[in-house]
Amino acid sequence: MLVLLILHLVAALVAPLLVRWWGPRACYPLALVPASAFGWAVARTPAVRDGGAVVEAYHWVPQLRLELALRLTTLSWLMTLLVGGVGALVLVYCARYFAAGSAGLARFAAVLVAFAGAMLGLVLADDLLLLYVFWELTTVFSYLLIGHSAERRASRWAAAQALTVTTFGGLAMLVGFLMLGRHTGGYRWSELAGAGLPAGGYLVTAVLLVLAGALAKSAVLPFSGWLPQAMCAPTPVSAYLHAAAMVKAGVYLLGLLAPVLATAGPWRPVTVTAGLLTMLAGGWAALRQCDLKLLLAYSTVSQLGLLTVALGAGTPQAALAGTAMLLAHALFKAALFLVVGAIDHSAGTRDLRELSGLGRRAPLLAAVGTLAAASMAGLPPLVGFVAKEAVLAAFTDQPVVLAGLVAGTVLTVAYTARFVWGAFGTRPHAERTEPQPVPAAMLGPPALLAVAGLAAGLAAGPAGALLRPYAELFGPVPEHLALWHGPTLALGLSVLALAGGAALFALRGPLAPALARLRAPVSGAQGYEFLTHRFDRLAIEVTSATQRGSLPLYLGTILLVLVVVPGGAMLAAGPWRQRVPLWDTPLQLVVGVVAAVAALLAVGARRRLTAMLLVGVTGYGTAMMFVLHGAPDLALTQFLVETATIAVFVLVLRRLPERFSARPLRRSRWARRAVGAAVGLVLAGLCLVAVGARTAPSVSLAFPGLAVSEGHGRNVVNVTLVDIRAWDTMGELSVLVVTATGVASLIFRRSRTGPRPRRPRPERPARRGPQRPVWLRGGPTLAERRRSIVFEVVTRLLFHTIVLFSLFLFFSGHNAPGGGFSGGLVASLALAVRYLAGGRYELAEAAPVGAGTILGAGLAVSVGTGACALLAGGSVLQSAKLDLWLPGVGDFYVVTSLFFDIGVYLIVVGLVLDILRSLGAEVDRHIEAAGKTERGLIVDPQGRRP
């Protein structure tokens with residue numbers, strides 16, 4: 001199963017390249033990927049036929065009970081068949097639906113394959129948290145697919161609406177999952193039943209939160225508004241979205257959890273009530289639509305309500321009927337959407353008021369569409385009839401629910417007849433439609449799906465036997481699926497629904513005024529727009545009241561809250577630690593006094609550079625404290641970070657005034673000093689309270705032994721970073737990449753990934769003679785007043801030595817002070833020296849590679865190291881010791897965490913290089929441009945000076 005998910009990921013990554021080579025025909029080989037999932041599920045049929053399961057589990061974070069747990073059972077087997085089979089046919093259809101050179105086709109193909117992979121992961125996930133990850137991935141990919149035509153405002157709005165509604169539901173669902181997992185002690189849904197559920201309001205809250213996510217995903221009331229708007233997506237996306245992916249995720253989750261949660265208090269009332277209302281409202285709305293695609297969208301809303309009722313009821317017969325309806329709906333709805341796409345492609349319109357005589361002009365297309373529509377209406381011998389009769393039979397003991405289902409079925413028959421008549425009928429006063437020929441690649445997929453619906457109906461008995469193990473999770477199943485059960489109440493209700501739907505369609509003319517008037521006062525789109533505008537207005541009002549543009553005010557507010565809330569809690573918590581040693585050695589007192597004096601002087605400094613240097617003294621003082629406490633690795637890192645920070649400050653100060661402004665006034669200055677003193681006291685007190693509050697032995701006591709036995713290194717700090725707490729380091733690396741991106745985006749007005757600045761060619765000397773040696777190639781580009789020959793010579797002599805020293809720190813860091821972070825900082829300082837000595841052209845000479853490339857490579861190496869450990873059968877980011885031998889060197893060993901440290905090294909170098917190019921080189925360019933403007937040296941495009 002994991003191999004299938006990886007295959008989808010690889011296919012999504014290579015899809016843009018295939019589309020660039022072969023155009024739309026690249027969809028043919030890409031269709032093999034979901035087809036492989038379909039074939040794999042078919043091969044696993046014997047394993048799940050009698051209620052068995054196929055299980056795979058890979059440990060991820062055992063301490064948090066997180067694992068990549070995958071499980072194939074009857075319900076997930078059915079969904080895998082639909083996700084893979086429909087996905088493959090939709091990709092085959094796309095090969096002719098899109099024209100060569102279609103805008104965004106490469107991205108579309110990649111996202112569609114990734115969407116199929118995310119949906120496959122969702123239906124195979126056994127762990128609820130893993131299910132949530134795939135759940136949100138389907139949300140993101142559907143957002144990209146719905147908004148494929150980004151130049152259209154309607155597409156962007158529909159994509160945003162779908163993203164907002166389903167994400168809101170997904171977050172609520174996540175809270176419900178966490179509540180269930182915390183109570184039961186695990187997140188595997190297959191173990192929830194045996195673990196015992198909570199009782200009372202706790203369970204009610206968890207169930208309602210889970211239902212909010214499921215109903216929002218499947219567009220069940222009150223979350224139905226986003227689905228019709230999603231019709232802005234290309235028709236193949238709509239076919240996949242409605243038939244086998246995205247909207248099916250919600251009803252799948254209901255079916256997945258119903259064996260455990262169906263008896264919980266709010267489950268049945270919510271699912272049955274919301275499902276019935278959705279079925280009736282969606283069916284009534286479908287009768288008013290003139291766009292065939294929009295008619296199918298509202299019909300999907302209606303049938304999702306039916307699926308919610310069946311899969312949420314929690315009875316054996318309803319569960320069997322629900323799975324049959326899940327299969328039937330996927331087959332006929334995918335076929336109908338693909339037929340509408342073919343109509344639009346050949347006739348140039350989907351408006352049923354403009355179509356006339358298409359059934360005679362395109363008989364094969366009409367036959368396919370009519371066959372699929374007959375299954376939607378519930379005509380025998382199609383699978384839609386079998387499933388709908390089973391649903392009615394499952395609720396014969398609940399008259400109110402049964403009446404609602406019959407009314408919804410009447411509407412289903414009516415809007416199905418409206419679809420067939422609108423698409424293929426002949427209107428006496430309308431101009432005949434002259435369609436273009438429909439390609440076989442566009443007719444084949446819907447025809448195959450429609451015929452599959454017929455075959456599944458004829459083979460209702462064997463199909464029901466395959467689905468029966470899921471229904472038996474609820475108890476003994478009294479009936480089986482069949483085309484003929486005899487003269488039953490369900491059969492009579494089916495006939496009644498067919499007759500009622502036909503009559504409703506026949507009276508469509510007289511009923512037109514009622515259809516126009518009887519509608520919701522506010523549509524889902526209007527309600528969503530109203531809420532979003534209200535939230536936007538609230539955000540504007542809150543921002544205008546709190547964001548006054550004063551950085552001291554913002555910082556003061558944050559610090560005062562820190563003093564009042566944690567400080568107040570600290571005062572109320574007492575008693576505190578009675579005896580606090582002031583120092584272990586007098587040198588600590590000396591360093592502390594120096595740092596404190598520097599901090600006090602920084603507060604009163606008038607020059608920005610002076611204040612910056614004094615703040616740097618406090619940082620160096622902290623590093624000296626580390627030295628005196630016997631932490632050379634921390635001290636080395638602190639020294640390097642402080643030096644790099646000073647270099648960055650120097651770059652920034654060039655664009656700021658030399659002195660601070662005369663403000664603040666004397667009174668406010670004293671207020672700020674008081675706030676600063678209070679914050680210092682509170683933080684010092686919190687540190688003492690935290691140290692004195694420990695009651696259990698520190699986990700770090702085990703780190704020295706773990707560093708040697710598991711991390712194979714004697715430098716506890718470095719082994720902790722790259723092995724014991726590697727996940728923390730991974731998060732910090734991500735923060736560094738985001739920081740670099742943010743800093744650069746604030747400075748660059750154009751792309752920072754463009755070509756590096758090239759050193760201008762020096763002019764040929766006018767006369768021959770001895771020339772002064774050029775120590776740095778970028779040096780001659782600087783103004784004479786900015787050049788220092790001594791600095792250039794020293795830089796030329798020391799640069800490579802500093803780089804070698806950074807590599808020494810990198811390789812020795814596993815057993816001695818150093819590591820990837822320290823080594824990267826030293827290499828970065830070497831680049832900073834080159835920039836300071838030779839300017840931005842010299843920086844380009846020293847680092848001809850883009851900072852983004854280095855950052856991406858570093859992150860890829862770090863993540864890849866963790867993935868390799870997982871593929872090798874270990875835990876994510878687990879280290880391994882490799883014993884090697886080389887001639888002339890002898891025996892030695894390499895720890896795989898060294899490769900993770902390479903990523904750390906590269907990311908640190910990339911971060912500083914990005915800062916040097918943004919705050920340094922780019923600001924230099926701005927200064928030079930401003931200077932030329934002031935001297936009148938800029939010329940217009942015609943070559944005239946201003």
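Residues numbered from 1 in each chain as written. Predicted model: local features only at pLDDT ≥ 70, side-chain atom pairs only at ≥ 80, totals over all residues. Heavy atoms only, no water.

Asks: So what exactly am I meant to see when it comes to helix α14 (residues 292-312) here?
Replies: For the α-helix, the turn length of 3.6 residues means that residues three or four positions removed from each other point alike. In this model, α14 (21 residues) spans 30 Å end to end at C-alpha, consistent with the 30 Å of a helix rising 1.5 Å per residue. Counting buried residues along α14, 19 of its 21 residues qualify, which places the element largely inside the surrounding structure. Here α14 starts with a cap whose side-chain oxygen sits 2.8 Å from the backbone nitrogen of K293, and that cap is D291. Just downstream of α14 lies G314, where phi reads positive at about 75°. (Helix = DSSP H or I, 4+ residues; strand = E, 2+ residues; numbered from the N terminus. Expected span 1.5 Å × (residues − 1). Buried < 20%, exposed > 50% of the residue type's maximum accessible area, 1.4 Å probe, protein only. Polar contact = N/O pair within 3.5 Å; in protein donor to acceptor, adjacent residues only side chain to side chain.)

Asks: Would you mind going over unusual backbone geometry with me for this structure?
Replies: One can expect most non-glycine residues to show negative phi and most peptide bonds to be in trans. Each neighbour pair has its own omega, and for L221 with P222 the value is 10°, a cis peptide bond. Within the secondary structure layout, P222 lies in the loop between α9 (201-217) and α10 (226-229). Going from P380 to P381, the amide bond is cis rather than trans, its omega being 5°. Note that P381 resides in the loop between α17 (363-377) and α18 (383-394). Even without being a glycine, A219 presents a positive backbone phi close to 55°. Of note, A219 is situated in the loop between α9 and α10. According to the relative accessible area criterion, A219 is buried, its value standing at 0%. Located in the positive-phi region is H712, a residue other than glycine, with phi close to 60°. Topologically, H712 is positioned in the loop between α30 (703-709) and α31 (716-724).

Asks: What is the right way to read the pattern of salt bridges from this model?
Replies: If charged atoms from side chains of opposite charge come close, those side chains can pair. Evaluation of the coordinates by the stated rule reveals nine salt bridges. Its salt-bridge partner being D351, residue R353 comes within 2.8 Å of it at the nearest N-O pair. Judged by relative accessible area, R353 falls into the exposed class, the value being 55%. A salt bridge links R607 to E658; its shortest N-O distance comes to 1.9 Å. Residue R607 is located in the loop between α26 (586-604) and α27 (608-628), and its partner E658 is located in the loop between α28 (632-653) and α29 (666-692); the two are separated by 51 residues in the primary sequence. Put simply, D291, D344 and R350 are held in one network by salt bridges that share partners. (Salt bridge = Lys/Arg side-chain N within 4 Å of Asp/Glu carboxyl O.)

Asks: Please clarify how the confidence of the model for the protein should be interpreted in this entry.
Replies: Low pLDDT means the predicted coordinates in that region are not meant to be read closely. Across the protein, pLDDT averages 83, with 91% of residues at or above 70. The weakest mean pLDDT in the protein belongs to helix α8 (residues 192-195) at 65; the strongest belongs to helix α2 (residues 27-43) at 92. Segment residues 763-767 is flagged for pLDDT under 50; beyond a separation of four residues in sequence, or across chains, it makes one contact in the model. Counted against residues more than four places away or in other chains, residues 934-946, with its pLDDT under 50, gives 12 contacts. (pLDDT = per-residue confidence, 0-100. Contact = heavy atoms within 4.5 Å.)

Asks: Where do I start with the environment of A330 in this structure?
Replies: With respect to the helices and strands, the residue A330 is situated in helix α15 (residues 316-347). Look at A330 and you get buried, because its relative accessible area is 0%.

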